[in-house]
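What follows is each chain in one-letter form.
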Amino acid sequence: MLLMNMAGSLELVISDPVVIQDMLATKNSHLDKTGTFQGVFKPLLGDSFIFSQTDEAWKQKRRACAHAFYKDRMVHMLDVLKE
């Protein structure tokens, strides 16, 4: 993690995937997501709902796609990607 002063604005840079997962998955309800997250990840993920505000619509969308992120499913997909 790195805290930088960018033209008078403090920016927190996190490069550890485990920390990012903890922030965006485990502690998601405690993280105030703003447009900054979406702006940073837009080149990689497009207009994904993942980084939008945690409101009722976000919860419904997350619940609808949760089955794709079960550990067993992810392990299976990793094996497919390795092949």
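Now for a look at the structure at hand.

Calculation rules
- Residues numbered from 1 in each chain as written.
- Predicted model: local features only at pLDDT ≥ 70, side-chain atom pairs only at ≥ 80, totals over all residues.
- Heavy atoms only, no water.
- Helix = DSSP H or I, 4+ residues; strand = E, 2+ residues; numbered from the N terminus.
- Buried < 20%, exposed > 50% of the residue type's maximum accessible area, 1.4 Å probe, protein only.
- Contact = heavy atoms within 4.5 Å.
- Areas by Shrake-Rupley, 256 points an atom, 1.4 Å probe, with all protein chains shown as cover.
- Pairing = 2+ DSSP bridges.

If you tally the helices and strands in the protein, you get four helices and two strands. Across the protein, helices and strands are ordered from the amino to the carboxyl terminus as β-β-α-α-α-α. By residue count, 8% of the 83 residues in the protein fall in the buried class. Across the protein, contacts joining residues at least 24 apart in sequence account for 9% of those joining residues at least 6 apart. On the protein, roughly 6,900 Å² of surface is accessible, and the fraction owed to carbon and sulfur atoms is 60%.

Turning our attention to the pairing of strand β2 (residues 9-13). Sheet topology places strand β1 (residues 2-6) next to β2; five bridges connect them, and they run antiparallel. Counted as the bridge partner of N5 is L10 from β2. Here β1 folds back onto β2, and the loop between the two strands holds two residues, one of which, A7, carries a positive phi near 55 degrees.

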